[in-house]
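Structural characterization, general
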Amino acid sequence: MSSGNSYYDDLRMKPEVIDPSENEDTLDIGEHVNDTSESASKPNAAVSTNVRELLECPVCLNAMYPPISQCSNGHTLCSGCKPRVHNRCPTCRHELGNIRCLALEKVAASLELPCKYQSFGCIGIYPYYSKLKHESQCAYRPYTCPYAGSECSVIGDIPFLVSHLKDDHKVDMHSGSTFNHRYVKSNPHEVENATWMLTVFSCFGQYFCLHFEAFQLGMAPVYIAFLRFMDDDNEAKNYSYSLEVGGNGRKMVWQGVPRSIRDSHRKVRDSFDGLIIQRNMALFFSGGDRKELKLRVAGRIWKEQ
Ligand SMILES: [Zn+2]
Ligand SMILES: [Zn+2]
Ligand SMILES: [Zn+2]
Ligand SMILES: [Zn+2]
């Protein structure tokens, strides 16, 4: 690295973090958590903050990943923004060309940063290039609110979201692993302004969301009921549930595995992973004169051995 270029002042503060033997095209992107013996050699916080600022794209302000581009004056740019600046450096307006900033890429490879979900309890420290991958799967990453009827952007851990559903969405809470629910709607012919119903069940020390809603499947109006699990997918697989709906001597039964709330409500619905009831059948189960939807859904949740 040239020592005459003031642009790299911040980088020269910690030259020992660069491994000169490392091949420039084989940056280590392996994922590993630091143990305590390694943490003694971590760059100090001030230097990492400076380097982190250098790694911020001046256009989109996101962290930059290889290939990092630079203009002939040394201004850097992320690979996402490069095609959008019409070959002009957004900082000095000079021609951008195809110069790659290997020095900065290497410095980035030497950085180790805490997971961004540290405040949620994650204690992992990750190399710059594997931090994103970890964060996309971090067990401490917050869940998004499972309420379906509105675009709610609240995020948090499960106890927080349970209180949020109860207090802010006025969701019904039930304890126990069996339930018997009645859904009544006075004008079942309006599927367009679909109603979403959500009930939260607590059993086995866990929380489950029972969704019920009307939607349009192709041209056909249908109802769907399904269960989501308020924890991660690997835990969800330990549970099963059944739903039963019927009337007039007929019934439909669904048995399934609850889906984690990591999967969006829409994704579960659009994969039809639940009890689907065609409207004609739903009105038949409702009895009466087809003016009112009156469905009784009985269900059970159990833990697989
Ligand atoms: Zn950018
Ligand atoms: Zn420039
Ligand atoms: Zn993490
Ligand atoms: Zn919410």
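Residues numbered from 1 in each chain as written. Chains lettered and ligands numbered in written order. Predicted model: local features only at pLDDT ≥ 70, side-chain atom pairs only at ≥ 80, totals over all residues.

**Topic: the overall build of the protein chain**
Scanning the protein chain for helices and strands turns up 9 helices and 17 strands. Sorting the 305 residues of the protein chain into buried and exposed places 25% on the buried side. Across the protein chain, the fraction of contacts at a sequence separation of at least 24, relative to all contacts at a separation of at least 6, is 54%. (Helix = DSSP H or I, 4+ residues; strand = E, 2+ residues; numbered from the N terminus. Buried ≥ 20, exposed ≤ 12 C-beta atoms within 10 Å, placed from the backbone. Contact = placed C-beta atoms within 7 Å.)

**Focus on the pairing of strand β10 (residues 196-203)**
Bridge count for strand β8 (residues 172-175) against β10 is 4 bridges, and the pairing is parallel. From the neighbouring strand, His174 faces β10, where its bridge partner is Phe201. In this antiparallel pair of consecutive strands, β10 and strand β11 (residues 206-217), the connection spans 2 residues, and Phe204 shows a positive phi of 55°. (Pairing = 2+ DSSP bridges.)

**Looking at the confidence of the model for the protein chain**
Confidence in the prediction of the protein chain, expressed as mean pLDDT, is 83, and 81% of residues score 70 or more. Averaged pLDDT values over the elements of the protein chain bottom out at 37 in helix α1 (residues 9-12) and peak at 96 in strand β15 (residues 259-260). Here residues 1-41 is a poorly scored stretch, pLDDT under 50, and it has 43 contacts once near neighbours within four places are set aside; other chains count. (pLDDT = per-residue confidence, 0-100.)

**Some details on the sheet that holds strand β14 (residues 250-256)**
Strand order in this open sheet of 4 strands is β9-β17-β13-β14, and the pairing throughout is antiparallel. Of all strands in the sheet, those bounded by a partner on one side alone are β9 (178-185) and β14. Strand-to-strand, the axes of this sheet are offset by a mean angle of 20°, without reference to chain direction. Where strand β13 (residues 239-247) lies against β14, 7 bridges are found, and the strand directions are antiparallel. Bridge pairing links Glu244 to Val253 in β14. In the packing of helix α9 (residues 279-286) onto the sheet, contacts are made with β13 and β17 (293-303), and the angle to β17 comes to roughly 100°. (Axes fitted to C-alpha atoms, helices over the stretch in contact; angles between N-to-C directions.)

**Some words on the sheet that holds strand β2 (residues 76-77)**
Either a parallel or an antiparallel arrangement is found when strands of a sheet pair, and the pairing is made through backbone hydrogen bonds. Pairing is antiparallel in the open sheet, where 3 strands are placed in the order β2-β1-β3. Only two strands of the sheet have a single partner each, and these edge strands are β2 and β3 (99-100). Bridge count between strand β1 (residues 69-70) and β2: 2 bridges; the pairing is antiparallel. In the strand pairing of β2, Ser69 is matched with Leu77.

**Overview of the UniProt feature "domain: RING-type" (unreviewed entry) in the protein chain**
The UniProt entry lists residues 57-93 under the feature "domain: RING-type" (unreviewed entry), expressed in the numbering used here. Helix makes up 0% of residues 57-93 and strand 11%, with an end-to-end C-alpha separation of 16 Å. (UniProt positions renumbered as here; feature names shortened; annotations may be inferred.)

**A closer look at the environment of Val297**
Here Val297 is to be found in strand β17. The spatial distance from the C-alpha of Val297 to the C-alpha of Phe179 is 8.1 Å, given a sequence separation of 118 residues. Sequence-distant contacts of Val297, defined by excluding residues within four places in its chain, comprise His181, Tyr183, Phe212, Ala225, Leu243 and Val245.

**Observations concerning the nonpolar core**
Counting 37 residues, the largest nonpolar core has Phe208, Ala225 and Leu275 as its most contacted members. Counting only elements with at least two residues in this core, the list comes to α6 (158-168), β10, β11, β12 (220-229), β13, β16 (275-278), α9 and β17. Those residues within four positions of Leu275 in sequence are excluded, and the remaining contacts are Ile224, Ala225, Phe226, Leu243, Val245, Met252 and Trp254. Counting 14 residues, the second-largest nonpolar core is a separate cluster that includes Met64, Ile68, Cys78 and Leu104. (Core = buried A, V, L, I, M, F, W, Y, C linked by C-beta atoms within 7 Å.)

**Topic: unusual backbone geometry**
Cis geometry is found at the peptide bond from Pro66 to Pro67, where omega equals -5°. Mapped onto the secondary structure, Pro67 falls in the loop between α3 (45-54) and β1. Unlike most non-glycine residues, His86 shows phi in positive territory, near 50°. Its location among the elements puts His86 in the loop between β2 and β3. The backbone of Arg93 shows a phi angle near 65°, a positive value even though the residue is not glycine. Positionally, Arg93 belongs in the loop between β2 and β3.

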